[in-house]
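# Structural overview for review
What follows is the residue order along each chain.
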Amino acid sequence: LQDGRTAKDGPAPEVISTYVEAVMPRHAGREYRVKEDRDLPSQILAVAVVDEQANMLATAGLWQQVYVRLDYVVRKDLVGTNLVIGVSHEGHTLFNSFDTDLSPAEFERRRAGHYRALVPLPRGLLRPGTYSVSAGTGFTSKSRIDFHPDVVSFDVATHDMDVTHKSYSRSAEVMTQL
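The model shown is predicted, which means the values in this text are computed figures rather than measured ones.

The next point concerns the confidence of the model for the chain. Averaged over all residues, the pLDDT of the chain equals 83, while 79% of them reach at least 70. Within the chain, helix H1 (residues 12–23) has the poorest average pLDDT of any element, 64, and strand S2 (residues 42–50) the best, 96. Counted against residues more than four places away or in other chains, residues 167–178, with its pLDDT under 50, gives zero contacts.

Bringing the nonpolar core into the picture now. Core analysis: the largest hydrophobic core is formed by 28 residues, its most contacted members being Val47, Val68, Leu70, Ile85, Leu121, Val133 and Phe154. For this core, the secondary structure elements donating two or more residues are S2, strand S4 (66–74), strand S5 (81–89), strand S7 (113–121), strand S8 (129–139) and strand S9 (143–157). Broken down by element, this core gets its largest block of residues, five residues, from S4. Contact partners of Val47, with chain neighbours within four places excluded, come to Arg30, Glu31, Tyr32, Val68, Arg69, Leu70, Val133, Ala135, Val151 and Val152.

This brings us to the sheet that holds S2. With respect to topology, four strands assemble into an open sheet ordered S1-S2-S4-S7, the strand pairing being antiparallel. On the outer flanks of this sheet lie strand S1 (32–33) and S7, each paired with one strand and no other.

As a further point, take the sheet that holds strand S3 (residues 59–61). Taken together, five strands build an open sheet; the order of strands is S3-S9-S8-S5-S6 and the sheet is mixed. The open sheet has two free edges, formed respectively by S3 and strand S6 (92–98), since each of these has just one partner strand. Across the sheet, the mean angle from the axis of one strand to that of its neighbour is 30°, orientation sign disregarded. Where S5 meets S6, six bridges bridge the pair, whose relative direction is antiparallel. Looking at the pairing, Ser88 lines up with Thr93 of S6.

What counts as what
- Residues numbered from 1 in each chain as written.
- Predicted model: local features only at pLDDT ≥ 70, side-chain atom pairs only at ≥ 80, totals over all residues.
- Heavy atoms only, no water.
- pLDDT = per-residue confidence, 0-100.
- Helix = DSSP H or I, 4+ residues; strand = E, 2+ residues; numbered from the N terminus.
- Contact = heavy atoms within 4.5 Å.
- Core = buried A, V, L, I, M, F, W, Y, C linked by side-chain atoms within 4.5 Å.
- Buried < 20%, exposed > 50% of the residue type's maximum accessible area, 1.4 Å probe, protein only.
- Pairing = 2+ DSSP bridges.
- Axes fitted to C-alpha atoms, helices over the stretch in contact; angles between N-to-C directions.

So this is what it looks like as structure tokens:
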């Protein structure tokens, strides 16, 4: 169903595949690229999830340093704008990061040009699962210029640590079925 109407009817595997493709980004481990729109004063051109060596990632370790790499263009000098990324899990935005948080001068005046930004994601904060990244540009507290929701995804896994012999503060309980 989509907007109260049947969007796909057929065998369950086909319907599920259609649903998953509609709600999850298809750019895991790949770069998302955008065709330039010269009418926009600033625009996101590419988004990717990369490691410290700039290799694109589909899966990251729990404690691995991961970055969101953004290529964008500012076509004319702008005042009062920002670049934002949002990281989501299961449809819920966990956090947003604005480039003006660490570079307030960019808010005061953003010069025309092509740029690349690397946004480090916090290590150990993201539990195992699938995450998506949204990216955009806009006038702070006023309006969006360019926005791309859930354009890349990545998985966080525990493959970078051995959890076999970890002890926990509460012992496990085995429940019998009554």
